[in-house]
Amino acid sequence: MEKSNSSVLAKILRKYTLEIILILTIIVLSFLSPYFLTVNNLFNILRNISLQGVIAFGMTIVIVAGELDISISSSVALTGVITALVAGNLESAGIMSRSAGVIPGMILSLIVSIIIGFMNGWLVTKYKIPAMIVTLAMQNILYGIAALISKGFPVITLPNWYSFIGSGRVFKVVPFPVVILLIFFFITFFLLSYTKYGRAVFAVGGNAEAARLSGLNVKKTKIISFILIQVCCWFSGIMLSSQVMSGTFTFAKGWEMTAISSVVIGGASIAGGIGNMWGTMLGIIFLGVLTNGMTLLNVNDYTQYVVRGALIIFAVLLSATQQHHNN
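Parameters at a glance
- Residues numbered from 1 in each chain as written.
- Predicted model: local features only at pLDDT ≥ 70, side-chain atom pairs only at ≥ 80, totals over all residues.
- Heavy atoms only, no water.
- Patch = residues over 30% accessible without salt bridge, like charges linked within 9 Å, V, L, I, M, F, W, Y side chains within 5 Å.
- Areas by Shrake-Rupley, 256 points an atom, 1.4 Å probe, with all protein chains shown as cover.
- Salt bridge = Lys/Arg side-chain N within 4 Å of Asp/Glu carboxyl O.
- Helix = DSSP H or I, 4+ residues; strand = E, 2+ residues; numbered from the N terminus.
- Buried < 20%, exposed > 50% of the residue type's maximum accessible area, 1.4 Å probe, protein only.
- Expected span 1.5 Å × (residues − 1).
- Contact = heavy atoms within 4.5 Å.
- Polar contact = N/O pair within 3.5 Å; in protein donor to acceptor, adjacent residues only side chain to side chain.
- Axes fitted to C-alpha atoms, helices over the stretch in contact; angles between N-to-C directions.
- Parallel < 35°, antiparallel > 145°, perpendicular 65-115°, else oblique.
- Nonpolar A, V, L, I, M, F, W, Y, C, P; charged D, E, K, R; others polar.

Caption draft 1: Structural context of a nonpolar patch on the surface. Taken together, Ile103, Ile107, Leu108, Ile111, Ile115, Phe118, Met119, Trp122, Tyr127, Ile129, Ile133 and Trp161 make up a surface patch of nonpolar side chains, about 1,100 Å² in accessible area. When residues of the nonpolar patch are assigned to their parent elements, the largest contribution, nine residues, is made by helix α5 (residues 98-127). On the basis of relative accessibility, which here comes to 39%, the residue Phe118 falls in the partly exposed class.

Below you can see the structure in the form of structure tokens.
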């Protein structure tokens, strides 16, 4: 009987490892800092994770499909630059006001994001180039384009109403980016869990050749996945530029690491075929709680980098151990 109980306990611990670690982290931080469990701080954590969380959901789809996209930081920055430039240029040309001109800017930046995603997916699937190489090159290209068209300066031609997207509050309480985060979570959760495309993503990531032989369009599935993460980057770029009310080519540096970390900590396998949105949500919340806690405790930035890096290694080892146990 004792052996049976210990077996059940072991299964629960394996299944809910991240949830247990997150709860313990929250308890510890609440004792270490009196400011941690305040309503304002909790909303602050959720608002801070929203922008990168939206991208993490897109990254989950790409990683489950067996690929990787590290061009996301430059894509986010380019979105803000294009949106602000179009709004400013349309106003300068007397075509429309800045308030109206930002809409075509948002639409153009969305189109650009879709093209970026398509190009990434096409190069990876058509020429069999590793996704890391393609998206690393794309990251540099987009960074250069954003710097060139902005001439190396922040573009501050955004209308006042635009700030609500990144800084507004629903019912004067809930930060609007948190609402966006939840919307993206439910959309991507449904897409990955309950659609034909979602099943194809898991099949392609698990074994691309077997998926092809079973009649699935592997290339199409991967290209759509690359487009989806870029759409997530687009919305994140809109939220970020609206928070600071400018488009700047240096925005979002290093965000790819946070997105990948969230997905891996959430239980996804870099090899593909394994992952889920709930795990990613827990991963991004855990990183947000940890970062916020370290900031409240005055832990310096360099130490925070060390802790986050160590966590990624721990998460990968934990995931590998659990997969080995399941097999």
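Now that the structure has been shown, the text picks up again.
Caption draft 2: Layout of helix α6 (residues 131-150). Along its 20 residues, α6 runs 28 Å from first to last C-alpha, staying within 8% of the 28 Å computed at 1.5 Å per residue. Within α6 the residues assigned to the buried category are Ala131, Val134, Thr135, Met138, Gln139, Leu142, Ala146, Ala147 and Ser150. Of the surrounding secondary structure, the elements contacted by the buried residues of α6 are α4 (72-92), α5, α11 (218-244) and α12 (255-265). Among the residues trailing α6, Lys151 stands out with phi positive, at a value near 60°.

Caption draft 3: Representation of α11 in the model. Taking 1.5 Å of rise per residue, the 27 residues of α11 would be expected to cover 39 Å, and the 40 Å separating its terminal C-alpha atoms lies within 8% of that figure. Counted residue by residue, α11 has 19 buried out of 27 residues, so it is predominantly covered. For α11, the N-terminal capping position is held by Asn217, with its side-chain oxygen 3.4 Å away from the main-chain nitrogen of Lys219. Downstream of α11 by one or two residues, Met245 has phi in the positive range, about 55°.

Caption draft 4: The pattern of salt bridges, seen in detail. Counted by the stated rule, this structure contains three salt bridges. A salt bridge links Arg98 to Glu91, with the nearest nitrogen and oxygen atoms 3.0 Å apart. What makes Arg98 partly exposed here is its relative accessible area of 28%. Overall, the relative accessible area of 34% leaves Glu91 in the partly exposed class.

Caption draft 5: Spatial organisation of the packing of helix α3 (residues 39-64) against α11. Axis separation between α3 and α11 bottoms out at 7 Å; the angle between their running directions is 170°. Looking at the two axes, α3 sits roughly antiparallel to α11. Between α3 and α11, the residues in contact are Arg47, Ser50, Leu51, Val54, Ile55, Gly58, Met59, Ile61 and Val62 and Ser225, Phe226, Leu228, Ile229, Cys232, Cys233, Ser236, Met239, Leu240 and Gln243, respectively. For the contact of α3 with α11, the class distribution of residues is 13 nonpolar, five polar and one charged.

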